[in-house]
Amino acid sequence: MRILSGIQPSGALHLGNYFGMMNRMIKYQQNNELFCFLVNYHALTSVFDANLLRKQTFDAACDFLALGLDPDKSVFWIQSDVPEVTELTWLLSNITGMGLLERCHSYKDKTAKGIPASHGLFAYPVLMAADILLYGGEKVPVGKDQKQHLEVARDVAIRFNNTYGETFVVPEPDIEDNFATVPGIDGQKMSKSYGNTIELFADEKTLRKKVMSIKTDSTPVDEPKPIEGNVLYDLYALFLDDKGKAELKERFLTPGLRYGDVKKELFEVIRDYFAPYKKERDRLAADKQYVLDIMQKGARKARQAAAVYLERARRNVGLDYNN
Ligand code: TYM
């Protein structure tokens, strides 16, 4: 199956990105055809500093590779290295109803958070649909916050096929219940724009500070702690299997548990989990040309796959005027 997903290089990647998408993609690469990309065109909707965008794009590439994305098994590239995606965006734009885009929560949420209300931000879901349809993505692993965008991509694919004849695969969202919405340290969805993230490769001091500031309730020490809506429990559970989760639950329900102790423990769990990847990440970051070569190679493979769908779309809408 062709599995495809993208991530914005719009800031340091965090636990929400990792469990919602990155780790799941890395696991999928074993038995599937994996297409994974860094969406720097999308990041232009919120990053207006060219040097910062360059840096964040390179950093995100290092992060993904260090975490185990295998560029020989998968197609891994930077969105803007296949600029054909912007051409497809235009073809899709003309069959995308305004109402469909007007209903998107993400546009409203982002403008409410201070991201400028530009045409690019409004048309963001069309570019995202193009990302998926250009490569014939069948299954798209994402967090729940992308569910509506996936619905737009499906609608657009169906509308295009109905208007111009069978052209695109209609993609399916793939959201994993356990990781649908990873909470941030304040209990809202973990998000770069809420400033509530736990970054994957933060230094120890920052990581400790973040973990120690996870929001907890004021249940007295000698009472059982709630599980439902408990951010500390939810974040810890990300790192546990079913047995581990059952044990953690038991500890929370047993009077005497101190949140402060659990936080210290969780700090160590996160630090130790990412420690081996961090070493590899530092190695990659110091070998820029090596990483750039990998991304170039990925772009060549992606471009080949894109040609099939773009040619078909151009023909089906009638841009092949010489025929
Ligand atoms: P982005 O860059 O905001 O996030 C990347 C991925 O991480 C997931 N995610 C989360 N999952 C669970 N809990 C969280 N707190 C959390 N925060 C982020 C996101 O759901 C996403 O899967 N529009 C996309 C990027 C994109 C894309 C695509 C995705 C562009 N083109 C084509 C799939 C297919 C975005 O902004 O993701």
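Residues numbered from 1 in each chain as written. Predicted model: local features only at pLDDT ≥ 70, side-chain atom pairs only at ≥ 80, totals over all residues. Heavy atoms only, no water.

(A) Structural context of the site of the ligand. Around the ligand, 28 residues are found, and the nearest of them are Tyr124, Asp131, Gly143, Asp145 and Val182. One of the backbone nitrogen or oxygen atoms of glycine 16 is found 3.3 Å away from a nitrogen atom of the ligand. Between methionine 190 and the ligand, the recorded distance is 2.9 Å, taken from a backbone N or O atom to a nitrogen atom. A total of 710 Å² of accessible area belongs to the ligand in isolation, and the protein chains cover 96% of it. Sorting the residues of the shell around the ligand by element identifies strand 1 (2-7), helix 1 (15-28) and helix 7 (119-133) as the ones contributing at least two each. Residues that form the shell around the ligand fall into these classes: 13 nonpolar, eleven polar and four charged. (Near = heavy atom within 4 Å. Polar contact = N/O pair within 3.5 Å; in protein donor to acceptor, adjacent residues only side chain to side chain. Areas by Shrake-Rupley, 256 points an atom, 1.4 Å probe, with all protein chains shown as cover. Helix = DSSP H or I, 4+ residues; strand = E, 2+ residues; numbered from the N terminus. Nonpolar A, V, L, I, M, F, W, Y, C, P; charged D, E, K, R; others polar.)

(B) Geometry of the pattern of salt bridges. As enumerated under the stated definition, the model contains 17 salt bridges in all. Lysine 243 is the partner of glutamate 247 in a salt bridge, and the nearest nitrogen-oxygen pair spans 3.5 Å. In this pair, glutamate 247 and lysine 243 both sit in helix 11 (residues 242-253), four residues apart, roughly one turn of the helix. A salt bridge links glutamate 280 to arginine 283, with the shortest nitrogen-to-oxygen separation between them at 3.0 Å. Of the two residues, glutamate 280 and arginine 283 both sit in helix 12 (residues 259-285), three residues apart, roughly one turn of that helix. Residue classification places glutamate 280 among the partly exposed residues on the basis of a relative accessible area of 28%. Look at the salt bridges and you will find they share partners, linking Lys55, Asp59, Asp63 and Arg281 into a network. (Salt bridge = Lys/Arg side-chain N within 4 Å of Asp/Glu carboxyl O. Buried < 20%, exposed > 50% of the residue type's maximum accessible area, 1.4 Å probe, protein only.)

(C) Structural context of the packing of helix 12 against helix 13 (residues 288-317). Between helix 12 and helix 13, whose axes approach to 6 Å, the crossing angle comes to 90°. Classified by the angle between their axes, helix 12 and helix 13 sit roughly perpendicular to one another. Across the interface between the two elements, Arg283, Leu284 and Ala285 from helix 12 touch Lys288, Tyr290 and Val291 from helix 13. (Axes fitted to C-alpha atoms, helices over the stretch in contact; angles between N-to-C directions. Parallel < 35°, antiparallel > 145°, perpendicular 65-115°, else oblique. Contact = heavy atoms within 4.5 Å.)

(D) Representation of the domain arrangement of the protein in the model. For the protein, the assigned domains are domain 1 (2-181 + 287-317) and domain 2 (201-282). Taken over C-alpha atoms, the centre of domain 1 sits 31 Å from the centre of domain 2. The interface of domain 1 with domain 2 comprises eleven residues on the first partner and eleven residues on the second. Across the domain 1/domain 2 interface, buried area totals approximately 1000 Å², and carbon plus sulfur atoms make up 67% of it. We note a salt bridge from aspartate 63 to arginine 281, for which the minimum N-O separation is 2.3 Å. Here domain 1 and domain 2 share three residue pairs in polar contact (both at pLDDT 80 or more) between them. Every element with two or more residues in the side of domain 1 that touches domain 2 is listed here: helix 1 and helix 3 (50-67). (Domains from an automatic or database assignment. Buried area = accessible area lost by both parts, 1.4 Å probe.)

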